[in-house]
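Structure assessment
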Amino acid sequence: MRRAIEEERFVLVDSLSREVRADAKRADDDFRESVRAGLTATPKSLSCRHFYDAEGSALFEQICALPEYYPTRTEAAILRACASDVVECVGAAPQLVELGSGSAEKTRILIRAFLERHGELGFVPIDISPDALVQSSYALLNDFPALDVHAIAAQYVDGIAGLPVVEGSSRLVLWLGSSIGNADRAEAAAFLTQLHRSLGEQGAMLVGIDLRKDASVLERAYDDAAGVTARFNKNLLARINRELGGAFDLDRFEHRATYDAELGRVEMHLVARDEMTVPIRALELDVAFRAGESIHTENSYKYSTDEIQELADASGFRLEAQWFDESKLFSVNLLRP
Ligand code: AVJ
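Overview of the structure.

Definitions and cut-offs
- Here the residue index of a chain counts from 1 through its sequence in written order.
- With pLDDT at 70 or above as the cut-off, local features in this predicted model cover only qualifying residues; side-chain atom pairs require 80 or more to be listed or tallied, and sums for whole chains, interfaces and linings still use all residues.
- Only hydrogens and water are removed before side-chain values are computed, so all heavy atoms of the structure are retained for them.
- By definition, any uninterrupted DSSP run of H or I lasting at least four residues is a helix, any uninterrupted run of E lasting at least two residues is a strand, and each is numbered from the N terminus.
- Radius of gyration means the value over C-alpha atoms here, while the globule rule gives 2.2 Å times the residue count to the 0.38 power.
- By definition in these notes, contact holds between two residues if any of their heavy atoms fall within 4.5 Å.
- All accessible-area figures derive from a Shrake-Rupley calculation using a 1.4 Å probe, and residue coverage is judged against the displayed protein chains alone.
- Two aromatic rings from Phe, Tyr or Trp, using only the six-membered ring of Trp, form a pair when their centres are within 6.5 Å; if the ring planes differ by under 30 degrees the pair is stacked, by over 60 it is edge-to-face, and anything between is tilted.
- Exposure classes here rest on a 1.4 Å probe applied to the protein chains alone. A residue is buried below 20% of its type maximum, exposed above 50%, and partly exposed in between.
- Here the axes come from fitting lines to C-alpha atoms, over the contacting stretch only for helices, and the angles between their N-to-C directions go from 0 to 180 degrees.
- Crossing handedness is defined as follows: a turn of the near helix away from the far one that is anticlockwise and smaller than a right angle gives a left-handed crossing, while the clockwise case is right-handed.
- In this count, Pro and Cys sit with the nonpolar residues alongside Ala, Val, Leu, Ile, Met, Phe, Trp and Tyr, while Asp, Glu, Lys and Arg are called charged and the others, Gly among them, polar.
- We call a residue near a given molecule or strand whenever any one of its heavy atoms falls within 4 Å of it.
- Pairs of N or O atoms within 3.5 Å make up the polar contacts considered here, provided that, within protein, one atom can donate a hydrogen while the other can accept it, and that residues adjacent in sequence are counted only when both atoms are side-chain atoms.

Overview of the overall build of the chain
- Tallying secondary structure elements over the chain gives 10 helices and 15 strands in all.
- For 337 residues, the compact-globule formula gives about 20 Å, and the C-alpha radius of gyration of the chain, at 21 Å, lands near that figure.
- By its C-alpha atoms, the chain is 60 × 50 × 35 Å across when sized along the principal axes.
- Considering only intrachain contacts with a sequence separation of at least 6, the fraction spanning at least 24 residues in the chain is 71%.
- In the structure as shown, the chain presents an accessible area of about 16000 Å², 49% of it carried by carbon and sulfur atoms.

Quick look at the packing of aromatic side chains
- Evaluated as defined, the whole model comprises 13 aromatic pairs.
- Ring centres of Tyr-52 and Phe-60 lie 5.8 Å apart, and the angle between their planes is 85 degrees; this geometry places the pair in the edge-to-face category.
- Judged by relative accessible area, Tyr-52 falls into the partly exposed class, the value being 39%.
- Seen from their ring centres, Tyr-156 and Phe-191 are 5.8 Å apart, and the 40 degrees between their planes marks the pair as tilted.

Things to note about the packing of helix α3 (residues 70-90) against helix α4 (residues 107-118)
- Their axes nearest at 9 Å, the elements α3 and α4 cross at an angle of 35 degrees. The chirality of how α3 crosses α4 is right-handed. Of the residues in α4, those touching α3 at Ala-76, Leu-79, Arg-80, Ala-83, Val-86, Val-87, Glu-88 and Val-90 are Ile-109, Leu-110, Ala-113, Phe-114, Arg-117 and His-118.
- By residue class, the composition of the contact of α3 with α4 is 10 nonpolar, 1 polar and 3 charged.

Topic: the site of the ligand
- The full set close to the ligand counts 13 residues, and Tyr-69, Gly-177, Tyr-222, Glu-298 and Ser-300 are the nearest of them.
- Between the ligand and Tyr-222, the relevant distance is 2.6 Å, taken from an oxygen atom to a side-chain nitrogen or oxygen of the residue.
- Expressed as a share of its isolated accessible area of 360 Å², the protein-covered part of the ligand is 96%.
- Of all the secondary-structure elements, those providing two or more residues to the shell around the ligand are α2 (54-64), α9 (228-244) and β13 (294-301).
- Looking at the shell around the ligand residue by residue, the class counts come to 7 nonpolar, 5 polar and 1 charged.

Honestly, that's just the spatial picture; any functional story needs more than this.
This is the structure:
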């Protein structure tokens with residue numbers, strides 16, 4: 001089950017190669033059947049979890065650097081300001097776990113702070129992409145000689161279940177970037193409850209959550225002037241063309257991002273500019289669009305400070321500390337059992 005890439009300081013855990021192939025096949029089936037279900041439903045939708053193929057992941061990295069997309073750099077600024085407080089709050093050297101670690105760029109701020117305080121640290125990144133794990137782990141090991149990395153290529157829930165046990169050390173689980181925003185409020189509470197149960201009394205969480213704010217700021221963040229987010233959104237159609245033999249003409253769809261202040265969420269859509277029928281070969285399906293018909297592709301929920309408190313209460317966590325940037329655009333929250 002376990003493949004040692006560098007014996008001393010790095011372990012990458014994944015499934016046996018047979019299971020990896022089975023997983024890849026399962027992922028293909030999942031994409032195909034989820035696209036079929038979404039495009040034959042009324043209203044039409046596609047799941048945001050399909051954004052992140054190689055192309056989409058690269059576009060997401062570009063989004064993070066956009067002037068309009070404030071979450072990434074704002075969260076980084078908060079982490080720089082609160083890192084030493086977090087280290088104090090946590091106390092003894094923890095096992096540092098990260099959900100959806102990706103490039104782990106912002107995580108460096110915390111790793112540095114823990115290493116300065118304790119001299120050594122074990123880091124457990126959990127990500128569905130083994131390539132991203134190997135790449136980010138080697139970069140970290142190179143830059144931090146006192147760091148150990150135990151990377152887990154898995155879905156969040158399976159990864160948490162497979163966390164290595166370290167005698168006498170507590171756990172701090174990072175969930176950054178407001179990834180929690182893709183879940184609706186009930187799903188977010190249910191997932192945190194599950195984490196709370198599997199982490200036990202020793203586990204704390206540090207969760208980055210985007211805040212409610214002016215619609216114009218939010219809509220610019222999800223519909224940037226350079227059109228990167230539009231390309232990111234339309235990559236779903238491009239991916240259907242590439243992987244399922246679809247015939248989508250990307251120019252005949254418009255990227256739309258709107259903020260619903262009542263629900264507190266940004267919705268992304270792809271809107272058909274005119275009437276058309278799009279064949280998708282691998283699905284043996286013709287998808288008919290009316291002019292103006294939309295495909296709902298993502299929700300990104302925003303929270304008030306009261307809603308963050310409610311989320312903590314609903315999932316059995318205590319909100320022990322909370323940090324904001326000066327303009328209160330974004331929050332970083334320390335949750336304890
Ligand atoms: C990765 C879910 C946090 O909702 O802000 C960015 C994804 N979508 N621009 C977000 C996204 C469009 C992002 N999350």
